[in-house]
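# A look at the structure
In case you want the letters, here they are:
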Amino acid sequence: MVSEKELYAHLKQEFGFTRFKAGQKQVIQRLLAGGSTVAILPTGTGKSLCYQFVGTYTNQTVLIISPLLSLMQDQVEQLRLKGEKRVVALNSNLSYAAKKQILANLHQYLFIYLAPEMLNNPVVLAALTDIDLGLLVVDEAHCISAWGPDFRPDYLQLGKLRQKLGFPVTLALTATATKRVTSDMMRSLKLGRKVKVIRNSVDRPNIFLAVEKSADTQEKNQRLIQLIRSLPAPGLIYFSSKKQCDQICALLNAKSKLTVASYHAGLPAGDRYAVQQQFLGGQIDLICATSAFGMGINKPDIRYVIHYHLPENLESYLQEIGRAGRDGQQSLALILYSEQDRGLQQHLALSALPTNAELEILQNSPQLLEKSSQENQSAQLVWRYMQMGVSFPQMSAVFSQRRTEKLQALQQILAYVNTQGCRRKFILRYFDETKTPQHFRKCCQLANESFDYQQLFDLAKTKNEPNIFAGGNDYEQILKNLFKTD
Amino acid sequence: MNDNDWWLLFFTAKQKRRPAVIRQLLTKRLSSSTLFWGLRYQLLEIIGFFPKLEASTFDQGIQKLVEQGFLSQDPDDTVKLTERGRSKKQELLTGPTLGAPRFFCEHRVTEINQMLKLIVQVASEASYGNSRYYVAVDNFECQQMIKQWLHQYDLQTLHKNILLELKSFLENESPQKAWIFCAQFSGHQVLPKTVAQMAQQTGLTTLEIKIILLDLTSRFASHLLQKNSLLAPMIKHFENQNVLFKKSRQALQLFLNGKSIQQIAQYNAVKESTVREYLLNAAILERDFPFASFFTDQEEELLTARLPADIDQWSYRELMSEQVQVSFFNYRLVAIKRSHEEFGQ
């Protein structure tokens, strides 16, 4: 048993903090005692520190399964920034030679980040079984339930992986999980009954919750322009479509004095890095983004998160609005809803899943299936399932079940949009929380209530002056800034 | 102007061209046939411009240009510039272009760009004595290259050399191009600009910015190699190991050393038809290909007398139907030889 004194000394020495955030100490103590844990800690509470602490304390390798390349890269760089060089990401960005080199030296790394798809590679698995693994982490573990069946079936294999690795101590980390999702995670990971679930409330009292309805896109755009002109920056607007993300970004740049940039998976890596760093550095006031932006972004002073399109479900909505107000200051989460959004979200929710007719065609033509899997997301999913030994009737049942679940999730988010009651209570009940706070003045906007958001920010000291695009066109000045010369 | 427009540069109003061939050249997915048509289109220098270009992006772009009336499409899927397309192409030709196109075929320019960004960031942070920073380039290969280089040299040498080379290269560029090139770099308390921001600040289009970045990256890298700079090994590492070109060159060399096609096939443990393909590629790519070893002037005359003047219109199938006794290999070699003569190569 590690003493409190030792824990705090290590926290100070390795991370420079004098106290733990809510939930961190409990999780760390449990892991150090050798107990697998499901930690459901709200966004912004330092979930990564839990496993980083254990890795640096025990000096045993930590294997982290991470869902996104950008998130992986960010976490690798964050660790390096802290001075930890024994860190690597094994993912599809690596060339064959680089992968080979890393695998040959895997024992040298303390933190290994891995995309779930890499685990199907027998060479990777063999290399992993050869190292002294102290902890297996499944980061953003809600993806097992949310993404697994839809487009990342490898997530469903993580339990088998645990088995092959000899059931190492495991930490499943997420910010949002209902009881059903938690059970999914535990079952998929084969965590057994001894696992402990450490759950903090998902509530973020400093985020005001609101929904506004518009008759059509034009009205929505007008309202959006008004809003960003009056709300204090920095802010974040989420879209379901890359194209609209770029279009609205251009519109807002033209119609406001703010510096607005777009961020989505269609941008080159260099541009994504630039936007992210400029936003963190305060050079960009507002980001128009798809869901590709956010995981791992830790900017404390985001004052508002607006959803231009309907979010996919309440889990992802909570993840995304959780990027606001990490500094504890008053912030706003607003959905701009118009009737046609429902159809768009329904289309997005269902289009990635193959229909029974498509399944039949693909089943009858293996050649077509192989060819389509290179180009088409749903054929790729079928191909992957087939490689995993799942039969076509089984697939049909899985997809049918997922369609039902997705439509239910959409109904839930629509119920949130249309609720007559307190929005905070609605969310907390959805996440099976029994203690729900009383509605308060800066809690949420009730149905059909018009609310002046300025009231929210009157007392908060926030920045609302637009950024002036810095820098002239002098390349010599850039070189002078880049390189210090004696 | 949008990114699609640039594809117009690869089409003409006279010659019907297959977009798929151009896509394969741009992405360096090369077959003997692609290389032959690359020669006919005089587009061999665009090999490898965009190795990561997705087929659907290009194909949709071409379709859009057809819909917009810049290109006309024939039922056989070949396309030509329309009058509107021609004037758009003229407009594009006045904008930025790539000064060292061959460099793209011989090097992985995307990776070289990442390498340069990493060199600048590492040197910048080092010049301020900073060893802990968020690394901008997520490329293991580049990170390993710089580590290897630093085993031999030190951070001060890196800083001194990159600054020196950037200054000497950029002083010969227009201030605007030099600024665009530098604005992509990150370093100590310096954040990079996005392509859209550079476009906003300069008044150029995003496409023009992208071309300028590719152009200066390739020429700066070329400058480092030519000067044999201390930094050159980090660029040289990204030289293309093009298997196709290498095998073609090897096959030609064996042939010049007196080996027959059959012997070359045995030596390489491949089919004779594969050796013929290698030799056809060599005929396209190498300057001193020994055409005379395969057919006489008289045979060439006899063959061409049966074919139209425009090589694009030649058809081996039609020739066969006229009972002309010639192998496809020799037929194609004659077409290559005549194309070189036509284009003065």
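Residues numbered from 1 in each chain as written. Chains lettered and ligands numbered in written order. Predicted model: local features only at pLDDT ≥ 70, side-chain atom pairs only at ≥ 80, totals over all residues.

### Focus on the overall build of chain B
This is how it is decided: The helix count covers DSSP runs of H or I at least four residues long, the strand count covers runs of E at least two residues long, and both are numbered beginning at the N terminus. Exposure criterion: with C-beta atoms placed from backbone coordinates, a residue whose C-beta has 20 or more other C-beta atoms within 10 Å is buried, one with 12 or fewer is exposed, and one in between is partly exposed. For every residue pair, C-beta atoms are placed from the backbone, and the pair is scored as a contact if these atoms sit within 7 Å.
Assigned secondary structure in chain B consists of 18 helices and 2 strands. Based on the C-alpha atoms only, the size of chain B along its principal axes is roughly 75 × 50 × 35 Å. Burial analysis of chain B (345 residues in total) assigns 37% to the buried set. In chain B, 68% of the contacts between residues at least 6 apart in sequence involve partners at least 24 apart.

### A few points about the overall build of chain A
Per the secondary structure count, chain A includes 22 helices and 13 strands. For chain A, the proportion of its 486 residues judged to be buried stands at 40%. Taking the contacts inside chain A whose residues are at least 6 apart along the sequence as the reference set, 75% of them involve residues at least 24 apart.

### Thoughts on the domain arrangement of chain A
The condition is simple: What fixes the domain bounds is an automatic or database domain assignment.
The domain boundaries assigned to chain A delineate domain 1 (4-199), domain 2 (207-343 + 419-457) and domain 3 (352-410). Taking only C-alpha atoms, the centre of domain 2 of chain A and the centre of domain 3 of chain A are 33 Å apart.

### Points about the interface of chain B and chain A
Operational definition: Under this grouping Gly is polar, as are all residues other than the nonpolar Ala, Val, Leu, Ile, Met, Phe, Trp, Tyr, Cys and Pro and the charged Asp, Glu, Lys and Arg.
The interface is formed by 35 residues belonging to chain B together with 30 residues belonging to chain A. Looking at the side of chain B that touches chain A, the elements that each hand over two or more residues are α6 (109-127), α7 (140-152), α8 (155-170), α9 (175-183) and α10 (195-202) of chain B. In terms of residues, the side of chain B that touches chain A owes the most to one element, α9 of chain B, which gives 6 residues. Class assignment for the residues of the side of chain B that touches chain A results in 21 nonpolar, 10 polar and 4 charged.

### Let's talk about the sheet that holds strand β12 (residues 304-307) of chain A
Residues and elements named next belong to chain A. The test is simple: Strands were regarded as paired on the criterion that DSSP finds at least two bridges between them. Under this scheme, a helix contributes an axis fitted over its contacting stretch, all axes are lines through C-alpha atoms, and angles between N-to-C directions fall in the 0 to 180 degree range.
One open sheet holds the 6 strands; their spatial order is β8-β13-β12-β9-β11-β10, and the pairing between them is parallel. Each edge of the open sheet carries a strand with a single partner, namely β8 (207-214) and β10 (260-263). Strand-to-strand twist of the sheet, defined as the mean angle between neighbouring strand axes without regard to direction, takes the value 20 degrees.

### A closer look at the domain arrangement of chain B
A common way to state how big an interface is: give the accessible area lost once the parts meet. Structurally, chain B comprises domain 1 (3-94), domain 2 (105-236) and domain 3 (243-342). With centres defined by C-alpha atoms, the gap from domain 1 of chain B to domain 2 of chain B works out at 30 Å.

### Quick notes on the confidence of the model for chain A
Definition in use: The quantity called pLDDT is the predictor's confidence in a given residue, expressed from 0 to 100.
Looking at chain A as a whole, its pLDDT mean stands at 87, while 95% of the residues score no less than 70. Throughout residues 459-463 of chain A the model reports pLDDT below 50, and contacts reaching past four residues in sequence, or to other chains, amount to 8 contacts.

### So, the sheet that holds strand β2 (residues 61-65) of chain A
All names here are of chain A. Strand order across the open sheet formed by 7 strands is β3-β4-β2-β5-β6-β1-β7, with parallel pairing between neighbours. Taken across any chain shown, the strands that pair with only one partner, and hence form the sheet edges, are β3 (87-90) and β7 (196-199). Put simply, the sheet's adjacent strands are angled 20 degrees from each other on average, direction ignored. Here helix α2 (residues 24-32) sits on the sheet and contacts β1 (37-40), β5 (133-138), β6 (170-174) and β7; the angle it forms with β1, its principal contact strand, is near 170 degrees. Along the sheet face, helix α4 (residues 69-81) touches β3 and β4 (111-114) and points at about 170 degrees away from the line of β3.

### Observations concerning the packing of α2 of chain A against helix α3 (residues 47-58) of chain A
All names here are of chain A. Threshold: With respect to orientation, any angle under 35 degrees is reported as roughly parallel, any angle over 145 as roughly antiparallel, any angle of 65 to 115 as roughly perpendicular, and every other angle as oblique. Definitions for this section: a left-handed crossing has its near helix turned counterclockwise from the far helix by less than a right angle. A right-handed crossing has that turn clockwise.
Contact pair α2 / α3: the axes reach a minimum separation of 9 Å and the direction vectors enclose 40 degrees. Looking at the two axes, α2 sits oblique to α3. Every pair of crossing elements has a handedness; the one defined by α2 and α3 is right-handed. Contact residues: Q24, V27, I28, L31 and L32 in α2; L49, C50, F53, V54 and Y57 in α3. Here the contact of α2 with α3 is composed, by residue class, of 9 nonpolar, 1 polar and no charged.

### Some details on the environment of T355 of chain A
Along the chain, T355 of chain A falls in the loop between α15 (340-351) and α16 (356-364). For the pair formed by T355 of chain A and S378 of chain A, sequence separation is 23 residues and the distance between their alpha carbons is 9.1 Å.

### Brief notes about the UniProt feature "domain: Helicase Helix-turn-helix" (unreviewed entry) in chain B
Rule in force here: UniProt positions are given in the numbering used here, feature names are shortened, and annotations may be inferred rather than shown by experiment.
UniProt's feature table lists "domain: Helicase Helix-turn-helix" (unreviewed entry) at residues 249-334 of chain B, given in the numbering used throughout. Counting secondary structure, residues 249-334 of chain B comes out at 60% helix and 0% strand; the distance between its end C-alpha atoms is 19 Å.

### What to know about the nonpolar core
What counts is decided by this rule: What makes a nonpolar core is a set of buried Ala, Val, Leu, Ile, Met, Phe, Trp, Tyr and Cys residues, with links drawn between C-beta atoms within 7 Å.
By size, the foremost hydrophobic cluster in this structure holds 141 residues, and its most contacted members are I287 and L332 of chain A together with M115 and I119 of chain B. Among the elements that line this core, the one with the most residues is α6 of chain B, at 10 residues. Ranked by size, the runner-up nonpolar core spans 54 residues in total, among them V54, L90, I102 and V138 of chain A.

### A short note on the packing of α9 of chain B against helix α11 (residues 206-226) of chain B
All names here are of chain B. Where α9 meets α11, the axes come as close as 10 Å, and the angle between the chain directions of the two elements is 85 degrees. Relative to α11, the element α9 lies roughly perpendicular. Touching K177, I180 and F181 of α9 are I209, I212, L213 and L216, all from α11. Along the lines of polarity and charge, the residues of the contact of α9 with α11 split into 6 nonpolar, no polar and 1 charged.

### Thoughts on the pairing of β12 of chain A
The two faces of the sheet receive side chains in turn, since in a regular strand these alternate between them. Residues and elements named next belong to chain A. Worth spelling out the cut-off: Here, the term right-handed applies to a crossover whose path from the first strand over the helix to the second runs clockwise when the strands point away from the viewer.
Side chains Y304 and I306 project from β12 onto one buried face, and the interleaved V305 and H307 project onto a second face that is buried too. Examined bridge by bridge, β12 and strand β13 (residues 331-338) share 4 bridges and lie parallel to one another. Paired with I306 across the two strands is L334, which belongs to β13. Handedness of the crossover joining β12 and β13 through helix α14 (residues 314-321) is recorded here as right-handed.

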